Amino acid sequence: MRTLVLGRTPARVTAVLATLRADGFDVEGVSTDEEARKLLETEEFGVLIIGGGVGPDSRAWIKEFAAEHRVRRVIDGALTQPFDAYVRREFEPLIRETAAKG
């Protein structure tokens, strides 16, 4: 199941992507709403992770847009260090659970 990560800090997006990819997940990452919109329009993503730096207006809009484009789960995240441990503890179980529901 493809996962899209939206975060305002490119270095943090890169860290999340590195961990998820190392653990075998199919994931893309972006830093702007416009980039996220273009990818979500493909309807290829089942999970969307939204980083803590995404403001409330953008967060509400992107969640609604994602729901209209086949995203089955939205995960709100606010990374804490170490990032890899946070990703494995908070994100990976939810991605696996969503994928298991088919």
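Rules of the game
- Residues numbered from 1 in each chain as written.
- Predicted model: local features only at pLDDT ≥ 70, side-chain atom pairs only at ≥ 80, totals over all residues.
- Heavy atoms only, no water.
- Buried < 20%, exposed > 50% of the residue type's maximum accessible area, 1.4 Å probe, protein only.
- Helix = DSSP H or I, 4+ residues; strand = E, 2+ residues; numbered from the N terminus.
- Pairing = 2+ DSSP bridges.
- Right-handed = clockwise from strand over helix to strand, strands pointing away.
- Axes fitted to C-alpha atoms, helices over the stretch in contact; angles between N-to-C directions.
- Parallel < 35°, antiparallel > 145°, perpendicular 65-115°, else oblique.
- Contact = heavy atoms within 4.5 Å.
- Nonpolar A, V, L, I, M, F, W, Y, C, P; charged D, E, K, R; others polar.
- Expected span 1.5 Å × (residues − 1).
- Arc of directions from axis to C-beta.

Trainee: What should I look at first to understand the pairing of strand β3 (residues 45-50) in this one?
Mentor: By the criterion of burial, β3 is predominantly enclosed, with 6 of the 6 residues buried. By the bridge criterion, 5 bridges tie strand β1 (residues 2-6) to β3 in an arrangement that is parallel. Residue pairing in the sheet places Arg2 in a bridge with Phe45 of β3. Inspection of the sheet shows β3 paired to strand β4 (residues 73-76) by 4 bridges, in the parallel sense. Opposite Ile49, over in β4, you have Ile75 as the bridge partner. The parallel pair β3 and β4, bridged by helix α3 (residues 56-67), forms a crossover whose chirality is right-handed.

Trainee: Is there a simple way to think about the packing of helix α2 (residues 33-40) against α3 in this case?
Mentor: Helix-helix packing: each pair is described by the crossing angle between the helix axes and the interaxial distance. Axis separation between α2 and α3 bottoms out at 10 Å; the angle between their running directions is 5 degrees. As far as their axial angle goes, α3 and α2 are roughly parallel. When α2 is examined against α3, the residues Asp33, Ala36, Arg37 and Leu40 are found in contact with a partner set consisting of Ser58, Trp61, Ile62, Phe65 and Ala66. Of the residues in the contact of α2 with α3, the class split is 6 nonpolar, 1 polar and 2 charged.

Trainee: Help me understand the sheet that holds β3, please; the structure alone is not making it clear to me.
Mentor: Neighbouring strands of a sheet are bound in pairs by backbone hydrogen bonds; such pairs are parallel or else antiparallel. Pairing is parallel across the open sheet formed by 4 strands, whose spatial order is β2-β1-β3-β4. For this open sheet the edge positions go to β2 (27-30) and β4, each flanked by a neighbour on one side alone. Each neighbouring strand pair of the sheet contributes to a mean axis angle of 20 degrees, computed without reference to strand direction. Here α3 sits on the sheet in contact with β1, β3 and β4, set at roughly 175 degrees to β3. Running at roughly 175 degrees to β4, helix α4 (residues 83-100) makes contact with β1, β3 and β4 of the sheet.

Trainee: Got a minute to help me understand α3 in this structure?
Mentor: Residues three or four positions apart in an α-helix share a direction because the helix packs 3.6 residues into each turn. When the terminal C-alpha atoms of α3 are compared, their 17 Å separation across 12 residues agrees well with the 16 Å that a helix rising 1.5 Å per residue should span. Looking only at α3, the buried set comprises Ser58, Arg59, Ile62, Phe65 and Ala66. Down the axis, α3 shows its buried residues gathered within 135 degrees of arc, on one side only. The exposed set on the far side of α3, more than 90 degrees from its buried face, consists of Pro56, Asp57, Glu64 and Ala67. Each element contacted by the buried residues of α3 is listed here: β1, α2, β3 and β4.

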